[in-house]
Amino acid sequence: MGHIKYASDVGAPVEVAFHYTDNPLFVPDWMFGIEDFVPTGEQDRGLGAVFAITTRLALWQPTSTCEITEYRPNAVIGYTLRGRVSGTLRLRFDPLGYGRSVLTSEAEYSPPRGPVGRLSAGLVDAAVRSALRRTESRLRREIEEFHGTDLVGRIA
């Protein structure tokens, strides 16, 4: 199982950062490669909410489902992607003080299998690292814009 983790300083309080991230309408704005993020049931937030997603990876646009599998208000949101593109994304929000917070982004994914998969494992790992870094960077920027600040800082 591949595991990648990044942390960054966000120029907004935890409550604002979590509120923005928790809104499914904003997910395509910050989650790298996501074109559509539509609730499939009546629940559109919180633990157990399920979404139909369309992913854009170059010319390939697979559809998948995404479920919120971890949810603690103003603390953690965990997304599990199922389908051709699968893995988990966990976003943790910690207070930093003075209207700032720390966003910790963690991704877990299954490495490719088979002989060709083993040969391309390094490429897949690099692609996932890049996607997580872009997601984290976009999310931080979108939260700060939502909050009305223009602060950019990085912890790790």
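We now turn to the structure provided with this report.

**Topic: the overall build of the protein chain**
Across its full length, the protein chain holds 4 helices and 8 strands. Seen in sequence order, the protein chain has helices and strands lined up from the N terminus as β-α-α-β-β-β-β-β-β-α-α-β. Against the 2.2 N^0.38 benchmark of 15 Å for 156 residues, the protein chain shows a C-alpha radius of gyration of 16 Å, consistent with a compact globule. Principal-axis analysis of the C-alpha atoms gives the protein chain an extent of 50 × 35 × 25 Å. Relative to its full complement of 156 residues, the protein chain shows a buried share of 40%. When the accessible surface of the protein chain is split by element, carbon and sulfur atoms take 55% of a total near 8400 Å². For the protein chain, the separation between the mean place of its 18 positive charges and that of its 19 negative charges on side chains is 9 Å.

**A closer look at the pattern of salt bridges**
Tallied over the full model, the rule gives 8 salt bridges. With a shortest N-O distance of 2.8 Å, Arg 82 and Glu 67 are connected by a salt bridge. With Arg 82 in strand β5 (residues 76–83) and Glu 67 in strand β4 (residues 63–72), this pair connects stretches of sequence that are 15 residues apart. Across the pair Arg 90 and Glu 70 runs a salt bridge whose closest N-O atoms are separated by 2.9 Å. With Arg 90 in strand β6 (residues 87–97) and Glu 70 in strand β4, this pair connects stretches of sequence that are 20 residues apart. Judged by relative accessible area, which is 25%, Glu 70 ranks as partly exposed. The structure contains a network of salt bridges with shared partners spanning Glu 70, Arg 90 and Glu 106.

**A short note on the environment of Trp 30**
Structurally, Trp 30 can be placed in helix α2 (residues 27–30). Placed 102 residues apart in sequence, Trp 30 and Leu 132 show a C-alpha to C-alpha distance of 11 Å.

**Some remarks on the side chain of Thr 80**
Along the chain, Thr 80 turns up in strand β5. For Thr 80, a relative accessible area of 12% gives the class buried. Separated by 2.8 Å, the side chains of Thr 80 and Thr 69 make a polar contact. Aside from chain neighbours lying at most four places away, what touches Thr 80 is Thr 65, Cys 66, Glu 67, Thr 69, Gly 87 and Thr 88.

**With respect to the side chain of Ser 8**
Considering the arrangement of structural elements, one finds Ser 8 in strand β1 (residues 2–10). A polar contact is formed between the side chain of Ser 8 and the side chain of Glu 136, at a distance of 2.5 Å.

The rules behind each value
Residues numbered from 1 in each chain as written. Predicted model: local features only at pLDDT ≥ 70, side-chain atom pairs only at ≥ 80, totals over all residues. Heavy atoms only, no water. Helix = DSSP H or I, 4+ residues; strand = E, 2+ residues; numbered from the N terminus. Rg over C-alpha atoms; globule rule 2.2 N^0.38 Å. Buried < 20%, exposed > 50% of the residue type's maximum accessible area, 1.4 Å probe, protein only. Areas by Shrake-Rupley, 256 points an atom, 1.4 Å probe, with all protein chains shown as cover. Lys, Arg positive; Asp, Glu negative; His and termini not counted. Charge placed at Lys NZ, Arg CZ, Asp CG, Glu CD. Salt bridge = Lys/Arg side-chain N within 4 Å of Asp/Glu carboxyl O. Polar contact = N/O pair within 3.5 Å; in protein donor to acceptor, adjacent residues only side chain to side chain. Contact = heavy atoms within 4.5 Å.

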